[in-house]
Amino acid sequence: METGFPWGSTPTVDLRLWRSDAIVLFDWLMSTDLNTVPITHPSQKQALADLLTRLEEVDVIESTEEEIAAAQEEVAKDMGW
């Protein structure tokens, strides 16, 4: 259990994420106005903001436009695009 992030001793989970997914999510979250994302509860917007904060702590923040495009292609392959 992690205790250094804003939640103190609140239970946390470790999540392994494919790097390409992390790049795509980070890019999307950085370019999206969370106030326009359809939500059914305010906690959903907060959870997205928390995810962005965590992604800012890893090396995806330094991704170039070429790396973002490559990650988008790689992730889209899983969708059959």
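Worth saying up front: this structure is predicted, and the values here are computed from it rather than measured.

### Observations concerning the overall build of the protein
Within the protein, the regular secondary structure consists of three helices and zero strands. Beginning at the N terminus, the succession of helices and strands in the protein can be written as α-α-α. Taking all 81 residues of the protein together, the buried fraction comes to 21%. The contacts in the protein between residues at least 6 apart in sequence include a share of 64% that link residues at least 24 apart. Here the protein displays about 6,200 Å² of accessible surface, and carbon together with sulfur accounts for 55% of that area.

### Some thoughts on helix H1 (residues 19-31)
In a regular helix each residue adds 1.5 Å, so 13 residues correspond to 18 Å; H1 covers 18 Å between its end C-alpha atoms and thus fits that length. Considered for burial, the residues of H1 that qualify are Ser-20, Ala-22, Ile-23, Phe-26 and Leu-29. Contacts made by the buried residues of H1 are with helix H2 (42-55) and helix H3 (65-77).

### As for the pattern of salt bridges
For the coordinates displayed, the defined rule picks out two salt bridges. Residue Arg-19 is joined to Asp-59 by a salt bridge in which the shortest nitrogen-to-oxygen separation is 2.8 Å. With a gap of 40 residues between them, Arg-19 in helix H1 and Asp-59 in the loop between H2 and H3 connect regions that are remote in the sequence. The partner of Glu-57 in a salt bridge is Arg-54, and the shortest N-O contact between them spans 3.8 Å.

### A look at the side chain of Thr-32
Among the structural elements, Thr-32 can be located in the loop between H1 and H2. For Thr-32, the side chain forms a polar contact with the main-chain oxygen of Trp-28, separated by 2.6 Å.

Conventions used here
- Residues numbered from 1 in each chain as written.
- Predicted model: local features only at pLDDT ≥ 70, side-chain atom pairs only at ≥ 80, totals over all residues.
- Heavy atoms only, no water.
- Helix = DSSP H or I, 4+ residues; strand = E, 2+ residues; numbered from the N terminus.
- Buried < 20%, exposed > 50% of the residue type's maximum accessible area, 1.4 Å probe, protein only.
- Contact = heavy atoms within 4.5 Å.
- Areas by Shrake-Rupley, 256 points an atom, 1.4 Å probe, with all protein chains shown as cover.
- Expected span 1.5 Å × (residues − 1).
- Salt bridge = Lys/Arg side-chain N within 4 Å of Asp/Glu carboxyl O.
- Polar contact = N/O pair within 3.5 Å; in protein donor to acceptor, adjacent residues only side chain to side chain.

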